[in-house]
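Residue strings, one per chain:
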Amino acid sequence: METPLERWDDGVWLKREDVHELGAFKWRGALAVLERTREDTVTASTGNQGAAVAWAARRLGLRAVVFVPERVSATKLALLLYVGADVVRTGADFDEAKDAAVAFAHDHGLRWFEDGAEDAQLDGYAAIGREIVAQLGTQPAAVIVPVGNGALFAGVARGLDAGVRKVAVAAEGAPVMYESWRAGRVVESDRCETIADGLAVRVAIPRAVEWLDDAVDEFVLVSDLALQQSVTRFWKRGIRVEPSAAASLAALPRVDERPVVLVVTGRNVDNDVFAACLAAGT
C-alpha cells in the first residue's frame, strides 16, 4: 500500500501519508505490530493510532480496545467507531487515558500496545523512507518528519541513508520529546497545549527517546500560529491536513537542502479546528 510522492515546489516534495483510507500514517506501524503478536490488543490514542490498531485488528480477526481522552476529536472518534474499535473515553489528556488503558490491559489479561515503544512499528515506518528513495530515484538531501512520540521519525530514518539530513519537528506547546532529545534522556514536562493533537505528548517514552538520540540530525519547534499558517498554505493547494501534519511545512524555512521531502502525516481534523486554522493563518 504505497503512498504517493508529489512535487510541492522546486526541490520540495510531499510524502502523502494522508491519502491512505484511514487518513494517516499510523496503519503502517499498527499492522506490523499486530501481524507479529496476533493478540487482542489495548492501546491509547488521540485518534489516529487507535483507528489504525482497530483497522489492523479487524483485518486479522482480532479485538482492539482503544482508550482516548474525554476531549477526543469528533472526526477521529467517528473514525474509531467506523473501523470497529471498542472505545473508552477517559482522562483530561492523552497520558491520563494511557494510564487507564495500561491498568485495563493488566486487569483483563490483554496485550498492551504502547505507541512509540514497539520495535515492529519502526519496521512499518521504515517503508516510508524506502518508498521516498524509490519514488524520488535517489536519496533526498533532507527529510522533515513531525514528532509526536517519535516512532515515525525513527522508522523513516531507518529507511534512509546516513547522509540524509533528518529533521524532527514538534509543537512549541508540547516540547517533551524535544527536551528529552536535547538532554539525551527522558525529562519531565507539564506543558502540553497545542492545536496539534497528534503532537500533544506530555510524557516521553524512554524507548522512543533512545531511537531519536540515534536518528535526529536537527530538532526544531514550531508555534501553533506557524502550524495554522501551514494548514492554510496546504489548503490553498487543495490539500486538507490536520495541524500535526502541517508541522513539516512549518519547519521548511529552517532547511536549506534540496531535494527535501516533507512527510504529510494525516488529514483527520475537526471542521471547527480546520476553520480556526484558516482564520488564523490567512
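Residues numbered from 1 in each chain as written. Predicted model: local features only at pLDDT ≥ 70, side-chain atom pairs only at ≥ 80, totals over all residues. Heavy atoms only, no water.

**Topic: the sheet that holds strand 8 (residues 165-171)**
This is how it is decided: Only when DSSP finds a minimum of two bridges between them are two strands counted as paired. In DSSP terms, a helix is any run of H or I states spanning at least four residues, a strand is any run of E spanning at least two, and both are numbered starting from the N terminus. Here, axes are lines fitted to C-alpha atoms. For helices the fit covers the stretch in contact, and angles between N-to-C directions go from 0 to 180 degrees. Here, residues are in contact when the closest pair of their heavy atoms is within 4.5 Å.
With mixed pairing, six strands are arranged side by side in an open sheet as 1-2-10-7-8-9. At either margin of the open sheet sits one strand with a lone partner, and together these are strand 1 (5-9) and strand 9 (218-222). On average, each strand axis in the sheet is inclined to that of its neighbour by 25°, with strand direction left out of account. Its contacts with the sheet put helix 6 (residues 151-158) on strand 7 (142-146), strand 8 and strand 10 (260-264), and the angle it makes with strand 7 is roughly 160°.

**Comments concerning helix 3 (residues 74-82)**
Applicable threshold: Residue exposure (1.4 Å probe, protein chains only): buried if accessible area is under 20% of the type maximum, exposed if over 50%, otherwise partly exposed. This arc is taken over the directions from the axis of the helix to the C-beta atoms. Polar contacts, as counted here, are pairs of nitrogen or oxygen atoms within 3.5 Å of one another; within protein the pair requires one atom able to donate a hydrogen and one able to accept it, and residues that are adjacent in sequence qualify only if both atoms are side-chain atoms.
Of the positions making up helix 3, those classed as buried are Lys76, Leu77, Leu79 and Leu80. Taken down its axis, helix 3 places every buried residue within 160° of arc, on the same side. Exposed and oriented more than 90 degrees from the buried face of helix 3 are Ala74, Leu81 and Tyr82. Lining the buried residues of helix 3 we find helix 2 (48-60), strand 4 (64-68) and strand 5 (86-89). Between a side-chain oxygen at the N-terminus of helix 3 and the backbone nitrogen of Thr75 the separation is 3.2 Å; the capping residue is Ser73. A positive phi of about 90° marks Gly84, the residue just after helix 3.

**Observations regarding the nonpolar core**
Selection rule: Remark: nonpolar core denotes a set of buried residues (Ala, Val, Leu, Ile, Met, Phe, Trp, Tyr, Cys) joined through side-chain atoms within 4.5 Å.
Core analysis: the largest hydrophobic core is formed by 35 residues, its most contacted members being Val143, Leu152, Phe153, Met177 and Phe219. Contributing elements (two or more residues each) for this core: helix 5 (119-136), strand 7, helix 6, strand 8, helix 7 (176-183), helix 8 (206-215) and strand 10. When neighbours within four sequence positions are excluded, Val143 is seen to be in contact with Ile132, Val156, Leu160, Val164, Arg165, Lys166, Val167, Val260, Val261 and Val263.

**Brief notes about empty space enclosed by the protein**
Over the atoms, a rolling probe the size of a water molecule traces out where space has been left empty. Note the threshold: A pocket here means an open set of points on a 1 Å grid, computed over the protein atoms alone, that has protein on both sides within 12 Å along at least five of seven lines. A cavity is instead a set of points where a 1.4 Å probe fits but cannot get out; residues with an atom within 4 Å of a point line either one. Grid points are joined across faces, edges and corners, and a volume is the space filled by probe spheres set on the points.
Inspection of every chain in the model, using the stated rule, returns two cavities of 30 Å³ or more. If you add up the space inside the largest cavity, you get close to 370 Å³. Residue assignment for the lining of the largest cavity shows that the elements contributing at least two residues are helix 2 and helix 6. What the second largest cavity holds in volume is close to 30 Å³. In terms of lining, the second largest cavity is formed by Ala44, Phe94, Lys98, Trp112, Phe113, Glu114, Asp115 and Ile205.

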